[in-house]
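Spelled out from the first residue to the last, the chains are:
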Amino acid sequence: MSAFDLTGRRALVTGGAQGLGEGMARALAAAGATVMIGDLQADRAAAVAAEIGGGSAHLDVTSEDSWTAAIDATVAHLGGLDVVVNNAGVEITGLLTEISVDDVRRQLDVNVLGTALGLKHALRAMRPGGAAGGGGSVINVASVAATIAFPGIAIYSATKSAIDRMTRVAAMESGKLGYDVRVNCIYPGLVPTEMGAGLASDMAEIGLFGSPEEAVEAVVGLTPSGRLGEVRDMADAVVFLASDASRFVNGAGLPVDGGMGM
Ligand SMILES: NC(=O)c1ccc[n+]([C@@H]2O[C@H](COP(=O)([O-])OP(=O)(O)OC[C@H]3O[C@@H](n4cnc5c(N)ncnc54)[C@H](O)[C@@H]3O)[C@@H](O)[C@H]2O)c1
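Here is a short report on the structure shown in this document. Values in this document were obtained by computation on a predicted structure and should not be read as measured data.

Notes on the overall build of the protein
In terms of regular secondary structure, the protein is built from eight helices and seven strands. Against the 2.2 N^0.38 benchmark of 18 Å for 262 residues, the protein shows a C-alpha radius of gyration of 18 Å, consistent with a compact globule. On the principal axes, the C-alpha backbone points of the protein span a range of 55 × 40 × 40 Å. Taken across its 262 residues, the protein has 49% of its residues classed as buried. A separation of at least 24 residues holds for 69% of the contacts in the protein among residues at least 6 apart in sequence. Put simply, the protein shows about 11300 Å² of open surface, and 55% of that area lies on carbon and sulfur atoms.

This is the structure in structure tokens:
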């Protein structure tokens, strides 16, 4: 059996109703895992879950109660939990001179608090004596924005840098306390999902580039691989980090950005 095979593994993907999370859920299922999608968009999550033979749960990653319910539903529906992908996130473009308190709080809430609660509930469920109890792998979704300075995304970049650091500390705590849960993160490059395409438009709208196309060209120009990212690029990296192929990869941040962030 291939070390990348996920047969028998049970995974929860947050923000899996669309975009990168949907691609990650599909790729994990294609590799053999059964997958629960946790998202605010219940209908879309259920539709994707039906196509991949998995389940879905309403999840607001900023709510403790919502996490408790989603983990309970996942363990009950899938019979355990081996992989959690903390993918749900939001991006609000803006120059530092124009930030609003609400926009800063929203990004901190979903990206930082949401990932922190995801780590909390994943580790509690997967550690010995937890509802699942068999150890596993947590994959956090940071961003190339945590590794470079790009204008217009200061707060978003700060939240993604926070995810990077949380990943390292989580891996350290998990190891020290014998949880048998690996914790890693990926740094995706720009992918034209709803968020990625919106970012390019917003950059043009706030005057940083002449058009969304120019913003995209600037990103591609900074990327040795010479293209934008694709959903499957990120999804395959998540399959790797979920699988035994990455068994000795722990507390790491994997750039999946065509070299943009090096
Ligand atoms: N697209 C990119 O270029 C890019 C690049 C780097 C990192 N990322 C990161 O990848 C992740 C996914 O991005 P995407 O491009 O697929 O975004 P997207 O906006 O297309 O999808 C985000 C998903 O998260 C869900 N979501 C938002 N808030 C939530 C909450 N509070 N609780 C539960 N679900 C919630 C949405 O309903 C949606 O299904 C994000 O963390 C993003 O920051 C994206």
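Read on for the rest.
Describing the site of the ligand
Near the ligand there are 28 residues, and of these Leu20, Asp39, Asn87, Tyr156 and Thr193 occur at the shortest range. Measuring from an oxygen atom of the ligand, one finds a side-chain N or O atom of Gln41 at 3.1 Å. The contact in question runs from an oxygen atom of the ligand to an N or O atom on the side chain of Thr193, over 2.5 Å. Only helix H1 (19-30), helix H5 (154-176) and helix H6 (194-205) provide two or more residues apiece to the shell around the ligand. Looking at the shell around the ligand element by element, the count peaks at three residues for H6. Residue composition of the shell around the ligand, grouped by class: 14 nonpolar, ten polar and four charged.

Some words on the nonpolar core
Counting 32 residues, the largest nonpolar core has Met24, Leu28, Val35, Ile37, Val85, Ile139 and Ile186 as its most contacted members. Broken down by secondary-structure element, the contributors of at least two residues to this core are strand S1 (10-14), H1, strand S2 (34-39), helix H2 (42-52), strand S4 (83-86), strand S5 (136-141) and helix H8 (231-242). At seven residues, the largest contribution of residues to this core is made by H8. Apart from the residues within four sequence positions on either side, Val85 is in contact with Leu12, Val13, Thr14, Met24, Leu28, Ile139, Val141 and Val238. Counting 31 residues, the second-largest nonpolar core is a separate cluster that includes Val75, Leu81, Leu119 and Cys185.

Topic: the environment of Ile148
By the element assignment, Ile148 lies in the loop between S5 and H5. Residues Ile148 and Gln107, spaced 41 residues apart in sequence, show a C-alpha to C-alpha distance of 18 Å. For Ile148, the residues in contact, after removing those within four places along its chain, are Met260 and Gly261.

Things to note about unusual backbone geometry
For Asp180, which is not glycine, the phi dihedral falls at a positive 60°. Summarising the element assignment, Asp180 is placed in the loop between H5 and strand S6 (181-188). According to the relative accessible area criterion, Asp180 is exposed, its value standing at 59%.

Notes on H8
Two residues of an α-helix separated by three or four positions point the same way, owing to the 3.6 residues in each turn. When the terminal C-alpha atoms of H8 are compared, their 17 Å separation across twelve residues agrees well with the 16 Å that a helix rising 1.5 Å per residue should span. Within H8, the full set of buried residues consists of Met234, Ala235, Ala237, Val238, Val239, Leu241 and Ala242. Buried residues belonging to H8 abut H1, S4, S5, S6 and strand S7 (253-256).

Some words on the environment of Val181
Within the fold, Val181 resides in strand S6. Considered as a pair, Val181 and Ala49 are 132 residues apart in the sequence and their alpha carbons are 25 Å apart. Look past the residues within four positions of Val181 in its chain and what remains in contact with it is Leu123, Met126, Gly135, Gly136, Ser137, Val138, Ser174 and Asn250.

Here's the deal with the side chain of Ser143
Within the fold, Ser143 resides in the loop between S5 and H5. Note on Ser143: relative accessible area 6%, which makes it buried. Among the polar contacts made by the side chain of Ser143, one reaches the main-chain amide nitrogen of Ala145 at a distance of 2.8 Å. With near-sequence residues (within four places) excluded, Ser143 lies in contact with Tyr156, Lys160, Ile186, Tyr187 and Pro188.

A closer look at the environment of Leu123
The residue Leu123 is located in helix H4 (residues 101-126) in this model. Judged by relative accessible area, Leu123 falls into the buried class, the value being 9%. As a C-alpha pair, Leu123 and Tyr179 span 56 residues in sequence and 7.3 Å in three-dimensional space. If we ignore the near neighbours within four places in the chain, the residues touching Leu123 are Ser174, Tyr179, Val181 and Val183.

What counts as what
- Residues numbered from 1 in each chain as written.
- Predicted model: local features only at pLDDT ≥ 70, side-chain atom pairs only at ≥ 80, totals over all residues.
- Heavy atoms only, no water.
- Helix = DSSP H or I, 4+ residues; strand = E, 2+ residues; numbered from the N terminus.
- Rg over C-alpha atoms; globule rule 2.2 N^0.38 Å.
- Buried < 20%, exposed > 50% of the residue type's maximum accessible area, 1.4 Å probe, protein only.
- Contact = heavy atoms within 4.5 Å.
- Areas by Shrake-Rupley, 256 points an atom, 1.4 Å probe, with all protein chains shown as cover.
- Near = heavy atom within 4 Å.
- Polar contact = N/O pair within 3.5 Å; in protein donor to acceptor, adjacent residues only side chain to side chain.
- Nonpolar A, V, L, I, M, F, W, Y, C, P; charged D, E, K, R; others polar.
- Core = buried A, V, L, I, M, F, W, Y, C linked by side-chain atoms within 4.5 Å.
- Expected span 1.5 Å × (residues − 1).

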